[in-house]
Amino acid sequence: MIPLFLFALLPFALSAQQDVSGSVIDAQTGESLPSATILLEGTYRGTITNPDGRFSIDIDNYPATLIVRYIGYDSERVVLTERPESPVYVEMSRSVTELEEITVTEKDPGLSIMEIVIARKQIWRANLNTYKVDAYTRQSLRNDTSIVSITESSSIAYWDRELGHREVQLSRRQTSNLSEDQNFSGVRYQPNFYDDNIQIAGYQMVGITHPEATRYYNFRLLETEQMDGKPVYKIEVKPRRQLQPLFEGTAWVLGRDYALLEVELKPNDVVSFPPPVQDFDLSYRQQFSNYGGEFWLPVDMRVEGLIRIGIIGLRFPQIQFRQTSRLTDYEINVELPDSIYQRDNWFARADSAALNRLEPNIEPIPLTLEEVSAYETIDSTATLEEAFRPEGFLARMAEASDGDGSGGFGIGGGRLASSGISPRLRFNRMDGFHAGLNFNRQLGDFGIRLKSFGGYSFHSELWDYGLSINQRLLPIGGDAVYLKAGYENSTDTIYPSKQYGIGLGSIVMILGGEDYFDYYRNEKMHAGLLFRRLLPRTDLYISFNREHHRMFRDLEVLDYSVFGWHDERRPNPLIQEGTLHALKFDLGINVSPNTLGFSGSRQLQFMVEVSDDAIGSDFSYSKFDVALNFNFETFFQRRLFANTLDLQISAGTALGSLPLQRFGSIDGTKNRFTPFGSLRARKYLPYTGSSYWLAVAEHNFRTIPFEILGLQPLVDRGWGIILFGGAGYTNASRDFSESVMLTDGIHTEAGISLNSIFGVLRVDFTKRLDAPGAFIGISLPRYF
């Protein structure tokens, strides 16, 4: 129940400086008229009524005349000789509709009307070069039950035909559960539906007044109303193209002027998001006025949105979004400050002193009763995290993990992690079960990070232990120079993997799968300098390694799995033992963590390792590796998630005598796991060699094939189609007998994937092209 005293607050809800306030109602029924337009005659100043029909407007000089406009009603003129002491109540009467005679042709009248609107827009828009406008914006978020936050701001918005939009926030206010830095309300992202091209939620949309809009939209005249003796045409807007993001809804056109008065539009079903987004809905309403002049400009923007997010076992409350913006006091074709466009950001804030209040000359739209109540009742403890707390068994598991500190390991992992300690667990055919602890801690404010580990392997009966330090030395470029050094004595893998870690391999093997790796013992000391962001997005790491390599002697492989569902374990290969001294250079550009195909990337990595007897090494070689990832949009680029082509190319070679434990590899499948970047028809093991190359590609068609086939249930679930292919080759510079897993010629394959099944899964169907064979695997869905 809303307290009665809140009603008294409404006219003064935001500040005492509001000049004239009032209400707009239907003269016959007494019902309030929301979003009625109130214009101050002879100026570019105006406002709109709130959902309760209330308004406020600042008037500098008297006498003054207010023009109140609402489609389907006769406009009212309110003459004020002085500032009224009480609210102004405006009663509006419905227009008497007199239908114009329409000549019946093959072309719908709505199309003919919109053709004139588009033609006239091109004339007056050609003379509009810049504008500056005062803006007020209110945004609110609500969950299933109530408003959970409100943000408000006054700002100045700038528009330049060539340079686009900028906005400076002058003042702001928000509910107590938000900080000032979380208030980004404004008009910089709001569309102007008179623009040719409009961006909505990342999609590039063709506007309904685009010069070629009739190629994209069907326009149909629904009815003719009247306003001030002029016809107002109500026109239905529907997309003509089913696979392109476009708008649908209604446009009202003022006859004789042939200008948009108002639009009520929403994106079509093409504007959607993949799982975990389950539902997404946006609607827009915008009014226009020429303020008695040449240019038809936005008066307001009203946006309502809803989004539902969830996967199996995890569901968030629906997020409802509402924004109301009011634009007033336009200054047309004025010179804009150069400083506004010298920065790339669309949005900026004025100095902090100005941000403590709403600007006196920016009169806000009155709050509704529910919004007044929200300001009164929401305190700093009512966090958004609590308001949108998820439900489901996954959410309960996460809460239980946070609450009991088990960290999923049942040994106090949560409490350990908070102190920098975490479990160290693995299983392979040489070590058997390995258990130990990792320690990772930032030491005070000295820029030093200390890591150490220790653990015992129950089959090999060997200990792993190590210590490393990361010290920030001095700033350089975009970041700093770091010293990295350490010592360790542990089991290492003979060949590297770009896709898989030892943890995943342990799970697969203990359940009966193939052991993906081969192993040796490595006692290593290393030291180097990391030049982080030496150039934009570029890291360089120069290091020196001293390693002592030993094979497992007189140790039989462990023939074990939990259920006994495994074939005989293959032997672990012998290595060339000795001491390795090597200089290593790693250069990375735009390097990001491996997402296993979840999202695309654009990065380049280059590595050189040099070992020679001149620096005391038992091995003499030079090794070179390069890897390139690239992705780009192909079809349907106006969509937020366009079709994409992803490429991955890697190669390596060596000069001199490369030991087995320095060979390169091409990843195959990990049991049934087939991520992007692997050869999916290479079952359970990698290819290895002293020289290698790999090229893989896949094209994500997303939901387009199912849209073409009319399979809307699959489209709604976000299921998509991916076509992929790959080729790889390895070679050895000398005979290593059965220790090396070489390709027999060039391995080639192609396949098709069903993507985003239930939002969490992708199924890959792969056919070997150079030899008989096929494989069905699963991997992470590709979203981006």
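Everything quoted here is computed from the prediction, not taken from an experiment. (Residues numbered from 1 in each chain as written. Predicted model: local features only at pLDDT ≥ 70, side-chain atom pairs only at ≥ 80, totals over all residues. Heavy atoms only, no water.)

Visitor: Requested: an account of the overall build of the protein chain, with residues and values cited.
Guide: Check the secondary structure of the protein chain and you find ten helices and 40 strands. Within the protein chain, the fraction of its 784 residues that count as buried is 50%. For the protein chain, restricting intrachain contacts to residue pairs at least 6 apart in sequence, the fraction spanning at least 24 positions comes to 62%. On the protein chain, roughly 36,900 Å² of surface is accessible, and the fraction owed to carbon and sulfur atoms is 55%. (Helix = DSSP H or I, 4+ residues; strand = E, 2+ residues; numbered from the N terminus. Buried < 20%, exposed > 50% of the residue type's maximum accessible area, 1.4 Å probe, protein only. Contact = heavy atoms within 4.5 Å. Areas by Shrake-Rupley, 256 points an atom, 1.4 Å probe, with all protein chains shown as cover.)

Visitor: How would you summarise the pairing of strand 9 (residues 147–160) if you had to cite specific residues and measurements?
Guide: Here strand 9 lies mainly inside the structure; 14 of its 14 residues are buried. One ladder, built from 13 bridges, connects strand 8 (residues 130–142) with strand 9; its direction is antiparallel. Following the sheet pairing, Lys132 is matched in strand 9 by Tyr158. Linking two consecutive strands that pair antiparallel, namely strand 8 and strand 9, is a turn of four residues. Bridging between strand 9 and strand 10 (residues 164–174) involves ten bridges; their strand directions are antiparallel. Counted as the bridge partner of Asp160 is Gly164 from strand 10. As consecutive antiparallel partners, strand 9 and strand 10 are separated by three residues. (Pairing = 2+ DSSP bridges.)

Visitor: Lay out the sheet that holds strand 7 (residues 88–92) in plain terms, naming residues and giving numbers.
Guide: Sheet strands line up and pair through hydrogen bonds in the backbone, either parallel or antiparallel. Strand order in the open sheet formed by three strands is 4-1-7, with mixed pairing between adjacent strands. With one partner strand each, in any of the chains shown, strand 4 (54–57) and strand 7 form the two edges of the open sheet. Along the sheet, successive strands turn relative to each other by an average axial angle of 30°, direction set aside. Of the pairings in the sheet, the one linking strand 1 (residues 20–26) to strand 4 comprises four bridges and is antiparallel in character. Bridge assignment links Ser23 to a residue of strand 4, and that residue is Arg54. (Axes fitted to C-alpha atoms, helices over the stretch in contact; angles between N-to-C directions.)

Visitor: Any chance you could break down the confidence of the model for the protein chain for me, citing the residues and the numbers?
Guide: When pLDDT is averaged along the protein chain, the result is 87, and 90% of the positions lie at 70 or above. Every residue in residues 352–356 scores below 50 in pLDDT, and together they form eleven contacts with partners more than four places removed in sequence or on other chains. Confidence drops under a pLDDT of 50 for residues 359–363, and excluding neighbours within four residues, the segment shows 18 contacts in the predicted structure. (pLDDT = per-residue confidence, 0-100.)

Visitor: Residue-level account of the sheet that holds strand 2 (residues 37–40), with values.
Guide: One open sheet accounts for four strands, arranged 3-2-5-6; its pairing is antiparallel. Because the sheet does not close on itself, it has two edges, and the strands there are strand 3 (46–48) and strand 6 (76–80). Taken pair by pair, the neighbouring strands of this sheet meet at an average axis angle of 20°, ignoring direction. Both strand 5 (residues 64–69) and strand 6 contribute to a ladder of five bridges, which runs antiparallel. By the bridge assignment, Leu66 is partnered in strand 6 with Val78.

Visitor: I'd like a description of the pattern of salt bridges, backed by residues and values.
Guide: The final tally for this structure, using the stated rule, is 48 salt bridges. Between Asp518 and Arg570 there is a salt bridge; the shortest N-O distance is 2.8 Å. Taken together, the positions of Asp518 in the loop between helix 8 (502–510) and strand 28 (519–535) and Arg570 in the loop between strand 29 (538–550) and strand 30 (578–589) put the pair 52 residues apart, joining distant regions of the chain. The shortest N-O distance in the salt bridge between Arg782 and Glu698 comes to 2.6 Å. Linking Arg782 in the segment after strand 40 (774–779) with Glu698 in strand 36 (residues 691–702), this pair joins segments that are 84 residues apart in sequence. For Arg782, a relative accessible area of 1% gives the class buried. Put simply, Asp646, Arg680, Glu698, Arg762, Asp764 and Arg782 are held in one network by salt bridges that share partners. (Salt bridge = Lys/Arg side-chain N within 4 Å of Asp/Glu carboxyl O.)

Visitor: Report on the environment of Pro87, specifying residues and quantitative values.
Guide: Within the secondary structure, Pro87 sits in the loop between strand 6 and strand 7. The spatial distance from the C-alpha of Pro87 to the C-alpha of Asp19 is 10.0 Å, given a sequence separation of 68 residues. What Pro87 contacts, discounting residues up to four positions off in sequence, is Ser21 and Gly22.

Visitor: Would you mind going over the nonpolar core in detail, with residue names and values included?
Guide: Counting 62 residues, the largest nonpolar core has Phe193, Ile208, Tyr217 and Leu260 as the members making the most contacts within it. Residues contacting Leu260, with those up to four places away along its chain left out, are Val117, Phe193, Tyr194, Ile208, Thr209, Ala251, Trp252, Val253, Phe288 and Trp296. Grouped together as the second largest cluster of nonpolar side chains are 25 residues, Tyr495, Tyr500, Tyr516 and Met741 included. (Core = buried A, V, L, I, M, F, W, Y, C linked by side-chain atoms within 4.5 Å.)

Visitor: Give a detailed account of helix 2 (residues 109–125), specifying residues and quantitative values.
Guide: For helix 2, spanning 17 residues, the distance from its first C-alpha to its last is 24 Å, which sits close to the expected 24 Å at 1.5 Å a residue. Among the residues making up helix 2, those that are buried are Gly110, Ile113, Met114, Val117, Ile118, Lys121, Trp124 and Arg125. One side of helix 2 carries all its buried residues, which in axial view fall inside an arc of 140°. Looking at the buried positions of helix 2, the neighbouring elements they touch are strand 9, helix 3 (213–216), strand 13 (217–227), strand 14 (230–239), strand 15 (247–254) and strand 16 (259–267). At the N-terminal boundary of helix 2, the capping side chain belongs to Asp108, with an oxygen 2.7 Å from the backbone nitrogen of Gly110. (Expected span 1.5 Å × (residues − 1). Arc of directions from axis to C-beta. Polar contact = N/O pair within 3.5 Å; in protein donor to acceptor, adjacent residues only side chain to side chain.)

Visitor: Explain the side chain of Gln471 to me, using residue names and the numbers behind them.
Guide: Structurally, the position occupied by Gln471 is in strand 26 (residues 462–476). Residues contacting Gln471, with those up to four places away along its chain left out, are Phe446, Gly447, Ile448, Val481, Tyr482 and Leu483.

Visitor: Which residues make up a nonpolar patch on the surface, and what are the values?
Guide: Together, Phe433, Phe458, Ile507, Leu511, Tyr560, Val562, Phe563 and Trp565 make up a nonpolar patch on the protein surface, roughly 870 Å² of accessible area in all. Here Phe458 shows up in the loop between strand 25 (448–457) and strand 26. Judged by relative accessible area, Phe458 falls into the exposed class, the value being 53%. (Patch = residues over 30% accessible without salt bridge, like charges linked within 9 Å, V, L, I, M, F, W, Y side chains within 5 Å.)

Visitor: I'd like a description of the packing of aromatic side chains, backed by residues and values.
Guide: If you walk through the whole model with that rule in mind, you get 27 aromatic pairs. Their ring planes at 90° and their centres at 5.2 Å tell us that Tyr456 and Phe458 sit as a pair that is edge-to-face. Taking relative accessible area as the criterion, Tyr456 reaches 23% and is therefore assigned partly exposed. Linked through ring pairs, Tyr44, Tyr131, Trp159, Tyr291 and Tyr330 together constitute an aromatic cluster. Over the aromatic face of Tyr216 sits the side chain of Arg241, whose NZ or CZ is 4.2 Å from the ring centroid. (Phe/Tyr/Trp six-rings, centres within 6.5 Å; stacked < 30°, edge-to-face > 60°. Lys NZ or Arg CZ within 6 Å of the ring centre and 35° of its normal.)

Visitor: Any details on unusual backbone geometry? Residues and values, ideally.
Guide: For residues that are not glycine, phi is negative in most cases, and the peptide bond is trans in most cases. With omega at 0°, the peptide bond leading from Tyr62 into Pro63 counts as cis. Note on placement: Pro63 falls in the loop between strand 4 and strand 5. In this structure, Tyr684 is a non-glycine residue whose phi angle is positive, near 70°. By secondary structure assignment, the location of Tyr684 is in the loop between strand 34 (664–666) and strand 35 (687–689). Even without a glycine there, the phi angle at Ser756 is positive, about 60°. Tracing the chain through its elements places Ser756 in strand 38 (residues 747–757). What makes Ser756 buried here is its relative accessible area of 1%.

Visitor: Give a detailed account of the side chain of Arg762, specifying residues and quantitative values.
Guide: Considering the arrangement of structural elements, one finds Arg762 in strand 39 (residues 761–768). Of the polar contacts made by the side chain of Arg762, one reaches the side chain of Glu698; its length is 2.8 Å. Among the polar contacts made by the side chain of Arg762, one reaches the side chain of Asp764 at a distance of 2.7 Å.

Visitor: Describe the environment of Arg138, with residues and values.
Guide: With respect to the helices, strands and loops of the structure, Arg138 is situated in strand 8. Distance in space between the C-alpha atoms of Arg138 and Ser325 is 6.4 Å, their sequence separation being 187 residues. Separated by 2.8 Å, the side chains of Arg138 and Tyr136 make a polar contact. In this structure the side chain of Arg138 is engaged in a polar contact, spanning 3.2 Å, whose partner is the side chain of Glu371.

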